[in-house]
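Chain residues, written in single-letter form:
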Amino acid sequence: SLIKVAQLMSDISEVKELDINPLIADANGVAALDARMRVQSSAEPDGYRLSIRPYPKELEESVTFGDRQIQIRPIRPEDEPEHFEFLTQLDPQDLRFRFFGPFDVSSPGPMARLTQIDFDREMAFIATAAKADGGSETWGVVRAIMDPDNEQGEFSIVLRSELKGRGLGTLLMQKIITYCRDRQTGELIGQIMADNYRMLALAKKLGFQEVNNDDTTMVDVRLELQG
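S.K.: Can you lay out the overall build of the protein chain for me, pointing to particular residues and giving the numbers?
M.R.: Scanning the protein chain for helices and strands turns up six helices and twelve strands. When its C-alpha atoms are laid out on the principal axes, the protein chain stretches across 60 × 40 × 35 Å. Across the 227 residues of the protein chain, 37% fall into the buried class. Nonlocal contacts in the protein chain, meaning residues at least 24 apart in sequence, comprise 60% of its contacts between residues at least 6 apart. In the form shown here, the protein chain has an accessible surface area of approximately 13,100 Å², with 51% of it arising from carbon and sulfur atoms. Positive and negative side-chain charges of the protein chain, numbering 26 and 38 respectively, have mean locations separated by a distance of 3 Å.

Below, the structure is given as structure tokens:
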């Protein structure tokens, strides 16, 4: 609920003040018994007054994948339960390829870190699909973390294990490449485990070049984005 209130304040610059009183919280949840909002016309763009960049809704898109419509959009804090379910259903090998070793998906700290991001320094696009019960599920996520000077962005990607080899990885990688190129990031880099043959082939198809290193278990790749 607090996340949705914060989203309201960040999305609509005309909202100048919001008073929720009384607010009752107990074991059954939270209830607002009264609320007052003060609005004022504003010529400023939404989110201008925030020190942290708000959710970039303009980056959402719906695409056709096979016989399904899926949504590719930036990740949100409220995606945490779905993201937890997504990671717990991955094959151990896919978790190893993504995190380079064991990863405790049951810990709340990593889940919050993966879903609550600073859009000025990081971007994560998730692919989601509707379920029969009206909910949605995560099919894949691609992420890039930029350095302070925006010279490099380091990417990572992981898909639902049964969806590999069907083109979803290409869709997500093209999305993050376009995003980083548009924000003037100099290059996109990544580390891929040497036995992750699918990802190595995808990186090569997308124009990444292999970079020499001394670690025989890892392959460094890079893609120039400007010029």
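S.K.: How would you summarise the layout of surface pockets if you had to cite specific residues and measurements?
M.R.: Approximately 690 Å³ is the volume found for the largest pocket. As for the largest pocket, its lining consists of 29 residues, and the residues nearest its centre are Phe97, Ile157, Val158, Asn196 and Met199. Where the lining of the largest pocket is concerned, the elements lending two or more residues are α3 (92-99), β8 (136-146), β9 (152-159), α5 (168-182), β10 (187-193) and α6 (197-205). Sorting elements by how many residues they give to the lining of the largest pocket places β9 first, with six residues. Counted by class, the lining of the largest pocket contains 13 nonpolar, seven polar and nine charged residues.

S.K.: Summarise a nonpolar patch on the surface; cite the residues concerned and give the values.
M.R.: On the surface, Ile20, Leu23 and Val30 cluster together into a nonpolar patch covering about 250 Å² of accessible area. By secondary structure assignment, the location of valine 30 is in strand β3 (residues 29-32). By relative accessible area, valine 30 is classed as exposed at 54%.

S.K.: Quick rundown of the nonpolar core? Include the residues and the values.
M.R.: Within the largest apolar cluster, 51 residues are counted, with the highest numbers of intra-cluster contacts made by Leu168, Met173, Ile176, Leu188 and Phe208. The element best represented in this core is α5, accounting for seven residues.

S.K.: Tell me about the sheet that holds strand β5 (residues 61-65), and please be specific about residues and values.
M.R.: The mixed open sheet is built from eight strands, whose spatial order is β5-β6-β7-β8-β9-β10-β12-β11. Looking at which strands have only one partner, the edges of the open sheet turn out to be β5 and β11 (209-211). With direction set aside, neighbouring strand axes in the sheet form an average angle of 30°. Relative to β8, strand β7 (residues 122-130) runs antiparallel, the two being bridged by nine bridges. Paired with phenylalanine 125 across the two strands is valine 142, which belongs to β8. Across the sheet, helix α2 (residues 80-88) lies against β8 and β9, angled at about 95° from β8, the strand it touches most.

S.K.: Describe the packing of aromatic side chains, naming the residues involved and giving the relevant values.
M.R.: To describe a pair of aromatic rings, you give the distance between the ring centres and the angle between the ring planes. Evaluated as defined, the whole model comprises five aromatic pairs. The interplanar angle of 5° and the centroid separation of 3.8 Å between the aromatic rings of phenylalanine 99 and phenylalanine 103 together place this pair among those described as stacked. Arranged with centres 5.8 Å apart and planes meeting at 80°, the rings of phenylalanine 125 and tyrosine 179 form a pair that is edge-to-face. With phenylalanine 125 in strand β7 and tyrosine 179 in helix α5, this residue pair connects regions lying 54 residues apart in the sequence. A relative accessible area of 1% places phenylalanine 125 in the buried class. Here lysine 175 stacks its cationic end above the ring of phenylalanine 125, 5.2 Å away from the centre of that ring.

S.K.: Can you explain empty space enclosed by the protein? Please cite residues and give values.
M.R.: Gaps left between atoms are located by rolling a probe of water-molecule size over the structure's atoms. One pass over the structure, following the stated rule, counts two cavities of 30 Å³ or more. Estimated volume of the largest cavity: approximately 60 Å³. Taken together, His83, Leu87, Arg98, Phe99, Leu114, Val141, Val142, Arg143, Ser156, Ile157 and Val158 make up the lining of the largest cavity. Looking at the lining of the largest cavity, the elements with two or more residues in it are α2, α3, β8 and β9. Counted as a void, the second largest cavity has a volume near 50 Å³. Contributing to the lining of the second largest cavity are Glu82, Glu85, Phe86, Gln89, Ser136, Glu137, Thr138 and Arg160. Those elements giving two or more residues to the lining of the second largest cavity turn out to be α2 and β8.

S.K.: Which residues make up the pattern of salt bridges, and what values go with them?
M.R.: Evaluated as defined, the whole model comprises 15 salt bridges. The partner of aspartate 79 in a salt bridge is arginine 73, and the shortest N-O contact between them spans 2.7 Å. The same class applies to aspartate 79 as to arginine 73, namely buried. The salt bridge partner of glutamate 78 is arginine 76, with a shortest N-O separation of 3.3 Å. By relative accessible area, which is 38% here, glutamate 78 ends up partly exposed.

Reading the values: the criteria
Residues numbered from 1 in each chain as written. Predicted model: local features only at pLDDT ≥ 70, side-chain atom pairs only at ≥ 80, totals over all residues. Heavy atoms only, no water. Helix = DSSP H or I, 4+ residues; strand = E, 2+ residues; numbered from the N terminus. Buried < 20%, exposed > 50% of the residue type's maximum accessible area, 1.4 Å probe, protein only. Contact = heavy atoms within 4.5 Å. Areas by Shrake-Rupley, 256 points an atom, 1.4 Å probe, with all protein chains shown as cover. Lys, Arg positive; Asp, Glu negative; His and termini not counted. Charge placed at Lys NZ, Arg CZ, Asp CG, Glu CD. 1 Å grid on protein atoms, 1.4 Å probe; cavity = no way out; pocket = protein on both sides within 12 Å on 5 of 7 lines; lining within 4 Å. Points joined across faces, edges and corners; volume = space filled by probe spheres on them. Nonpolar A, V, L, I, M, F, W, Y, C, P; charged D, E, K, R; others polar. Patch = residues over 30% accessible without salt bridge, like charges linked within 9 Å, V, L, I, M, F, W, Y side chains within 5 Å. Salt bridge = Lys/Arg side-chain N within 4 Å of Asp/Glu carboxyl O. Core = buried A, V, L, I, M, F, W, Y, C linked by side-chain atoms within 4.5 Å. Pairing = 2+ DSSP bridges. Axes fitted to C-alpha atoms, helices over the stretch in contact; angles between N-to-C directions. Phe/Tyr/Trp six-rings, centres within 6.5 Å; stacked < 30°, edge-to-face > 60°. Lys NZ or Arg CZ within 6 Å of the ring centre and 35° of its normal.

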